[in-house]
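Examination of the molecular architecture
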Amino acid sequence: MKWSRCFGFVWLLSTILLLCLTARAQLSADFYSTTCPKLLQIGCDASVLLDGSGGEKFAFPNINSARGFEVVDAVKTAVESQCSGVVSCADILAIAARDSVLLSGGPSWKVQLGRRDGLVANQTGANLALPAPTETVGVITAKFAAVGLNITDVVSLSGAHTIGLARCATFNDRLFNFSATGAPDSTLETSMLSELQQLCPLTDDGNKTAVLDRNSVDLFDNHYFQNLINNKGLLGSDQVLYSSNEAASTTRSLVQSYSSNQNLFLSDFANSMIKMGNISPLTGSAGEIRKNCRVINS
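Residues numbered from 1 in each chain as written. Predicted model: local features only at pLDDT ≥ 70, side-chain atom pairs only at ≥ 80, totals over all residues. Heavy atoms only, no water.

The chain is annotated in an unreviewed UniProt entry as Peroxidase of Tripterygium wilfordii. In the Catalytic activity (unreviewed entry) part of its UniProt record, the chain is described as follows: "2 a phenolic donor + H2O2 = 2 a phenolic radical donor + 2 H2O". Heading Subcellular location (unreviewed entry) of the UniProt record for the chain holds this comment: "Secreted". (UniProt positions renumbered as here; feature names shortened; annotations may be inferred.)

1. Notes on the overall build of the chain
Helix and strand content of the chain: 12 helices and 2 strands. Taken from the N to the C terminus, the helices and strands of the chain come in the order α-α-α-α-α-α-α-β-α-β-α-α-α-α. In the chain, which comprises 298 residues, the share counted as buried stands at 52%. Taken as a whole, the chain presents about 12,400 Å² of accessible surface, with 53% of it coming from carbon and sulfur. (Helix = DSSP H or I, 4+ residues; strand = E, 2+ residues; numbered from the N terminus. Buried < 20%, exposed > 50% of the residue type's maximum accessible area, 1.4 Å probe, protein only. Areas by Shrake-Rupley, 256 points an atom, 1.4 Å probe, with all protein chains shown as cover.)

2. Re unusual backbone geometry
Only a minority of non-glycine residues have a phi that is not negative, and only a minority of peptide bonds are not trans. Despite not being glycine, alanine 180 has its phi angle at roughly 60°, a positive value. Assignment of secondary structure puts alanine 180 in the loop between strand 1 (165-167) and helix 8 (190-199).

3. What about the packing of aromatic side chains?
Scanning the entire structure with this criterion turns up 9 aromatic pairs. Members of the aromatic cluster, joined through ring pairs, are Trp109, Phe220, Tyr224, Phe225, Tyr258, Phe265 and Phe269. Positioned above the aromatic ring of tyrosine 242, the side-chain terminus of arginine 252 is 5.6 Å from the ring centre. (Phe/Tyr/Trp six-rings, centres within 6.5 Å; stacked < 30°, edge-to-face > 60°. Lys NZ or Arg CZ within 6 Å of the ring centre and 35° of its normal.)

4. What about helix 7 (residues 151-158)?
An α-helical turn contains 3.6 residues, so a residue and the one three or four places further along point in the same direction. Helix 7 sits mainly inside the fold: 6 of its 8 residues count as buried. Every buried residue belonging to helix 7 is among Asp153, Val154, Val155, Ser156, Leu157 and Ser158, and all of these are buried. Of the residues that open helix 7, the one with a side-chain oxygen 3.1 Å from the backbone nitrogen of threonine 152 is asparagine 150. (Polar contact = N/O pair within 3.5 Å; in protein donor to acceptor, adjacent residues only side chain to side chain.)

5. Re the UniProt feature "binding site: heme b" (unreviewed entry) in the chain
In the numbering adopted here, UniProt assigns the feature "binding site: heme b" (unreviewed entry) to His161. Tracing the backbone through its elements, the reader meets histidine 161 in the loop between helix 7 and strand 1. Judged by relative accessible area, which is 16%, histidine 161 ranks as buried.

6. Details of the pattern of salt bridges
Summed over all chains, the structure comprises 9 salt bridges. For the salt bridge of aspartate 73 with arginine 294, the shortest nitrogen-to-oxygen distance reads 2.7 Å. Of the two residues, aspartate 73 sits in helix 3 (residues 69-82) while arginine 294 sits in the segment after helix 12 (262-277), which places them 221 residues apart along the sequence. Residue lysine 208 is joined to aspartate 204 by a salt bridge in which the shortest nitrogen-to-oxygen separation is 3.8 Å. (Salt bridge = Lys/Arg side-chain N within 4 Å of Asp/Glu carboxyl O.)

7. Describing the state of the cysteines
Taken as a whole and judged by the stated rule, the model has 3 disulfides. Put simply, cysteine 36 and cysteine 83 are joined by a disulfide, and their sulfur atoms are 1.8 Å apart. Each member of the pair, cysteine 36 as well as cysteine 83, is classed as buried. Note that cysteine 89 is cross-linked by a disulfide to cysteine 293, the S-S spacing being 2.1 Å. Taking the sign of the S-S torsion, -100° for the link of cysteine 89 and cysteine 293, the bridge is left-handed. Remark: cysteine 293 occurs in the segment after helix 12 and cysteine 89 occurs in helix 4 (residues 89-103); sequence separation between them is 204 residues. Neither cysteine 89 nor cysteine 293 differs from the other in exposure class; each is buried. Along the chain, the cysteines that take part in disulfide bonds pair up as 1-2, 3-6, 4-5, counted in sequence order. (Disulfide = S-S within 2.5 Å.)

8. Quick notes on a nonpolar patch on the surface
A contiguous nonpolar patch, built from Leu119, Val120 and Ile296 and spanning about 280 Å² of accessible area, is present on the exposed surface. A residue is classified by how much of its surface remains accessible, and isoleucine 296, at 41% relative accessible area, is partly exposed. (Patch = residues over 30% accessible without salt bridge, like charges linked within 9 Å, V, L, I, M, F, W, Y side chains within 5 Å.)

Listed below in structure tokens is the structure:
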């Protein structure tokens, strides 16, 4: 899997993980400078990586959308060969998120390190805390505010949808009988609507996928915001950032700014990723350093 294709799942995972942690301590960019000095040349709580039917991999937003777990496995194996039992899966995930953005044409930032891995996967927590594709601007911003993130963070981090895929099940409510009106979502551009209706018929199981950033699939850029202005946002939670009544006084102006100023978007995105990465990670003696990212240590 190319890193550019990998990022869509990495950002989603990071969002889930970092929204669901409890407060511990500060992180440090040079945390592994002595214990694993070659870490960054090789290659949050990481609970989403755990296997099991009750795990976060099977939360609604993640099914068939959160992918690339084998990439994390490969990186973990390489890291373990250099410094066994030192680097957490959570930190590997944070580094992978930054590197995948950079390799896709996006910005870089200094990743704060020192996270430890959680012991429990929380599917219920992931379903409740992660913004859903059908939610309003108000609900989404409230979920971000609950963990110390503001409206700028909401819009800039939503821009991560410039990379990645989403299942039909996450947006097919917009295609046929939107809000029980008997008609499709009027904020969905007509040619895109027609294509999506063919991809995701009512008789389908909802597991096919569509690209989140139409016509700019593998490049980390501001095209996602240009799509919103042209009614080509895939998820309802994307399009409402521009088209909803709530957006007029909250998120719309940022969408407009990012659509015309890519450097502003990239700068704000990097800053928001740093903020998100510092949301109450497990550190110190909490959690563990997993040997295998898919299971807790025995």
